[in-house]
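Residue-level structure breakdown
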Amino acid sequence: MSHQLGSEEEFKTTIADYLESLPAQFSQRVFSSPAACLAIFRLISTVGKQLIMSMLYLDTSLRLQDVSQWARTDCQRMVRGKIHQLRKLQLVTEEHGNVSLNPVFRTQLRNALTGGGDFSSFGTPFNGTGRDTRITRTQLAQYADQKWEAMLRFMVGRQDSSGESVVQPPAESVRSILRTAKLMEDGENGMAITNSGFQFLLQDTQSQVWTVLLQYLRQAEMQQMDVVEVLNFLFQLISLQLGRAYSAEPLTSIQRRMLGELRDFGLVLQDDQRPLCFYATHLVTMLSSSSSTNSGANSTNSKDSVTELPTSQQGELAASSSHGYIILETNCRIYAYTDSPLQIAILGLFVRLVSRFSNLVTGALTRDSVRQALSQGITADQIITFLTANAHPQMQSRVPVLPVTVTDQIRLWEQERNRLHPTHAHFYKDFAQKQDFDRVLRYAQDIGVVLWASIEKRQLVVTRQVIYARFQRLLLCVIRVLPWAYRDVRVRDLIVR
Amino acid sequence: MVKAVKGTFIECDSAAREVLLKLNSKEKFIIEDLDSTHLFINSTHLKRIQVVLDELMDANTYKANVVK
Amino acid sequence: MVEPVESDPSLLVVVLDVNPTAWTRSPLALNKALQQIVIFINAYLALNPENKLVVIGASKRNCQLLYPSDSTVDAAHDIQVYEQFRPVDVKVLSGVQAMVSQVTVENINSLDEQQSLMSRALSMALCHIHRVSESQTGKIWSRILVLSAGEDAPREYISLMNSIFAAQKMSVLMDICKACGQKDSVFLQQAADITGGNYLKVNATADESLLQTLMFTCLADHYTRSIINAPGSALIDFRATCFCHRRVIDIGYVCSVCLSIFCKMAPICSTCHTKFSFKVVRPDRAQGNSLATPTADMSSLELK
């Protein structure tokens, strides 16, 4: 992947990009489910949400000028940009200077708010008899964490003393997603992790799940599955309630197949004896939350005590501050209160671990350990974000969370590796006449390819991306203009060495 | 007549440039010395000089001992 | 001053005036208004999954916390509605119903009947807000939405102004929506102005205009309000009530120590017990004396 795996905000934009890339008739079908509309509504920006809500119960269309006048004068440009974004997502249509909401989206969002419309959009509960259908939340959480960590552990690749891999490889569907997402690649001894894979490991669980889901969507597209059904089912899963059994009966065959594949990641729980009953785990229900600090292993539900105000999330996400386990001192020493082999392995990517106790691992951030991580493709920002997200609650009460000395030092170590900034380029020199040089320089500046130029020395450096043929033709023109000076130049002489 | 050369354009700080100039006296790779912060070099040598610079930084850094 | 960030969660406290006497005089029926309010609440919850909500009902005689409440109203799982909306809607609707049915009206025509316990409800709201902000790790932005149907209660002026200033200190926005009633509420207008919220008078005869007004003006959180304009009101009635008789007055006497307002001159301030032992310049005696010219604002007395 050429772009860096980034924060949760980038994922929202990535899935928004994916939705934008869908052709119009696909979008209409996606919008026909209230659950999908609600999920998409939550993905857009705050100002966009307000604009949509203001127009939701208006049956007429508004003039674009009027809408942009709703904003303060200095923010009007930003608001127009947001309207444009909504247009790209096909939520808003514009014609003759009037904007209005996409009618399908408008009806279904109203239905989502009032409870009308499609019955099974938010999931059909399972009314099964027979064995005890209650699976507790803790069981669900354990199941999900086990599967997800198995995948992560496979990526990190623990090995015991004999060099054999201790970790069980996960199912083929998981491995194929890892392969197509370029998080791992096939090597001689099975699969090996790539640079993007290292970056993936350091992200929080929400971003990781989004990456996997996006890759699944792309794979579904390649396999010619109906993307709309896949998207609708994904949005339905996001809005399911934790701990409740849902029936797989109203699902289509594609969606049932998805259930089977998503089971391998720990996103849903499906009992083999009763394939019609499934549960959504916290990994997928937490995607509806915008909090990006709910990292993996221990984010089970919190009990709603009587004194606590129940939030609209129904308390399924514990406060993020209770999961931090890393203490970082100003002398770069790290104390991590964990015994999970996965977390220790991830820490070992960029920390030099010194000692291990039953509930604690200590080590230090050294130049070598950080440079080793940097050489494997992890950036300084990712290390800092990972440490901040997993910082112990005692550290989180400080501002800033991590000591400034340490964060600055990590960035300096990264800059050390980047002392040179190379760019592949072409270098032109020995222009006989000043006018020729000026003409070429002006042309290069117009097409924006100049990297460096010196008018005194009459030398020019341009990027290699330039359409070389066109540039060379210009040079020939320059030379042809003054034939008496360059009589004996042949085209061959201009060929690049 | 106009000469055109394919290569790599390097932007760096003055200290690194001096190091590269010194290295050039042993293995020639600089095509043109542009100014105090830019050089134009032969692309094939790029990896080698990055390694040499790294080694130099390593040799000149004090490493604190982590007390066990 | 911390600036609001886009993804910060909000806390909305909805204070519903469920005084049935007041609602009977409005063109919009209470149950229709409630439906629209419930949709507005769902829209607020849909904005951000971490948004928190508190609903308080106020009537003539008591104030009750409607949501979150411990009352067990078990709704059959209605599969059409998003799981997060259903419990809220059910609790609010059943709570309001319970409150209305408990009201026993003695004299339906007395003016007193239309006045709800607004200051008590606001104090409850502010206590909840304080508790939530203390227990929350990140920053949470709070606001209060008051849906008022009844009239101002002049006897509540002092406690109301105290809650308003407390809200201003806590940077809590107060939006007031006057759903019915002919007169503007003097005190609530000042509340919206002081805290930076909006005061809206809804003449709701059309079915959905209350909802549209609420969505347009009151849904935006702190961050969005810095970008999107809100309708302002030009004229605000800044009148007050006197502390001695609880009457709304335009001109009066103000103690220079504690700024309490009186309609009649008294030798000792009843709030801070300061003695006013000096010659008072009365307005009717001060012809041509510029110092004592009464203006529309309060004039202040000097203490020797």
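Small disclaimer: the values here were computed from a predicted structure and weren't measured. (Residues numbered from 1 in each chain as written. Chains lettered and ligands numbered in written order. Predicted model: local features only at pLDDT ≥ 70, side-chain atom pairs only at ≥ 80, totals over all residues. Heavy atoms only, no water.)

This next bit is on the overall build of chain A. Helices and strands together make up the secondary structure of chain A, namely 21 helices and 15 strands. A burial count over chain A gives 53% of its 497 residues as buried. Taking as baseline every contact in chain A between residues at least 6 positions apart, the subset at least 24 positions apart corresponds to 66%. Surface accessibility of chain A: about 23,100 Å² in total, with carbon and sulfur atoms responsible for 49%. (Helix = DSSP H or I, 4+ residues; strand = E, 2+ residues; numbered from the N terminus. Buried < 20%, exposed > 50% of the residue type's maximum accessible area, 1.4 Å probe, protein only. Contact = heavy atoms within 4.5 Å. Areas by Shrake-Rupley, 256 points an atom, 1.4 Å probe, with all protein chains shown as cover.)

Quick look at the overall build of chain C now. Counting its regular elements, chain C contains eight helices and 11 strands. The proportion of buried residues among the 304 residues of chain C is 52%. Taking the intrachain contacts of chain C between residues at least 6 apart in sequence as the baseline, contacts between residues at least 24 apart amount to 68%. On chain C, roughly 14,200 Å² of surface is accessible, and the fraction owed to carbon and sulfur atoms is 54%.

Before going further, it helps to examine the domain arrangement of chain C. Residue and element names in this part refer to chain C. The domain architecture assigned to chain C consists of domain 1 (10-225) and domain 2 (240-302). Domain 1 puts five residues into the contact, and the matching count from domain 2 is six residues. Here domain 1 packs against domain 2, burying approximately 550 Å² in sum over the two surfaces, 73% of which is carbon and sulfur. The largest per-residue losses of area from domain 1 upon contact with domain 2 belong to Pro154, Tyr157 and Ile158, which jointly make up 69% of the total buried on that side. Run the count over domain 1 and domain 2 and you get zero residue pairs in polar contact (both at pLDDT 80 or more). Grouping the amino acids of the side of domain 1 that touches domain 2 by side-chain chemistry returns four nonpolar, no polar and one charged. (Domains from an automatic or database assignment. Buried area = accessible area lost by both parts, 1.4 Å probe. Polar contact = N/O pair within 3.5 Å; in protein donor to acceptor, adjacent residues only side chain to side chain. Nonpolar A, V, L, I, M, F, W, Y, C, P; charged D, E, K, R; others polar.)

The next point concerns helix 9 (residues 172-180) of chain A. Residues and elements named next belong to chain A. Residues of helix 9 that are buried include every one of Ser173, Val174, Ser176, Ile177 and Leu178, and no others. Structurally, helix 9 contributes buried residues whose contacts are with helix 8 (137-156), strand 4 (184-187), helix 11 (205-222) and helix 13 (253-263). Where helix 9 ends, the next residue or the one after it, lysine 182, has phi of about 60°, a positive value.

Evaluation of the coordinates by the stated rule reveals 19 salt bridges over all chains. The partner of Glu149(A) in a salt bridge is Arg153(A), with the nearest N and O atoms 3.4 Å apart. Of this pair, Glu149(A) and Arg153(A) are both found in helix 8, four residues apart, which corresponds to roughly one turn of the helix. Look at Glu149(A) and you get buried, because its relative accessible area is 16%. Between Asp186(A) and Arg179(A) there is a salt bridge; the shortest N-O distance is 3.0 Å. Salt bridges sharing partners connect three or more residues here, namely Arg367(A), Arg371(A), Glu416(A), Asp54(B) and Asp58(B). (Salt bridge = Lys/Arg side-chain N within 4 Å of Asp/Glu carboxyl O.)

A few words now on the domain arrangement of chain A. We note that the domain assignment places domain 1 (34-117), domain 2 (137-285), domain 3 (326-418) and domain 4 (423-496) within chain A. Between the C-alpha centres of domain 1 of chain A and domain 3 of chain A the distance comes to 43 Å.

Attention shifts here to the packing of aromatic side chains. Across all of its chains, the model carries eight aromatic pairs over all chains by this definition. Following the ring pairs from residue to residue traces out a cluster consisting of Phe233(A), Tyr246(A) and Phe278(A). Directly above the aromatic system of Trp141(C) lies the positively charged group of Lys139(C), at a separation of 4.6 Å from the ring centroid. (Phe/Tyr/Trp six-rings, centres within 6.5 Å; stacked < 30°, edge-to-face > 60°. Lys NZ or Arg CZ within 6 Å of the ring centre and 35° of its normal.)

Moving on to the interface of chain A and chain B. Across the boundary between the two partners, chain A contributes 36 residues, which contact 35 residues of chain B. Summing both sides of the interface, chain A and chain B together bury roughly 3,400 Å²; the carbon and sulfur share of this comes to 60%. Counting every contact that joins chain A to chain B gives 13 residue pairs in polar contact (both at pLDDT 80 or more). Of all the elements in the fold, those that place two or more residues in the side of chain A that touches chain B are strand 11 (352-356), helix 16 (367-375), strand 13 (421-429), strand 14 (450-454), strand 15 (459-463) and helix 21 (468-481) of chain A. Looking at which element gives the most residues to the side of chain A that touches chain B, the answer is strand 13 of chain A, with nine residues. Within the side of chain A that touches chain B, the residues separate by chemical class into 17 nonpolar, six polar and 13 charged. Examined bridge by bridge, strand 13 of chain A and strand 1 (residues 3-11) of chain B share nine bridges and lie antiparallel to one another. Across the sheet, residue Ala425(A) finds its bridge partner in strand 1 of chain B, namely Gly7(B). (Pairing = 2+ DSSP bridges.)

For residues with low pLDDT, the predicted coordinates do not support detailed interpretation. All names here are of chain C. The pLDDT averaged across chain C works out to 79; a share of 79% of its residues lies at or above 70. Every residue in residues 289-304 scores below 50 in pLDDT, and together they form 23 contacts with partners more than four places removed in sequence or on other chains. Reported confidences for the modelled complex are a pTM of 0.74 and an ipTM of 0.85. (pLDDT = per-residue confidence, 0-100.)

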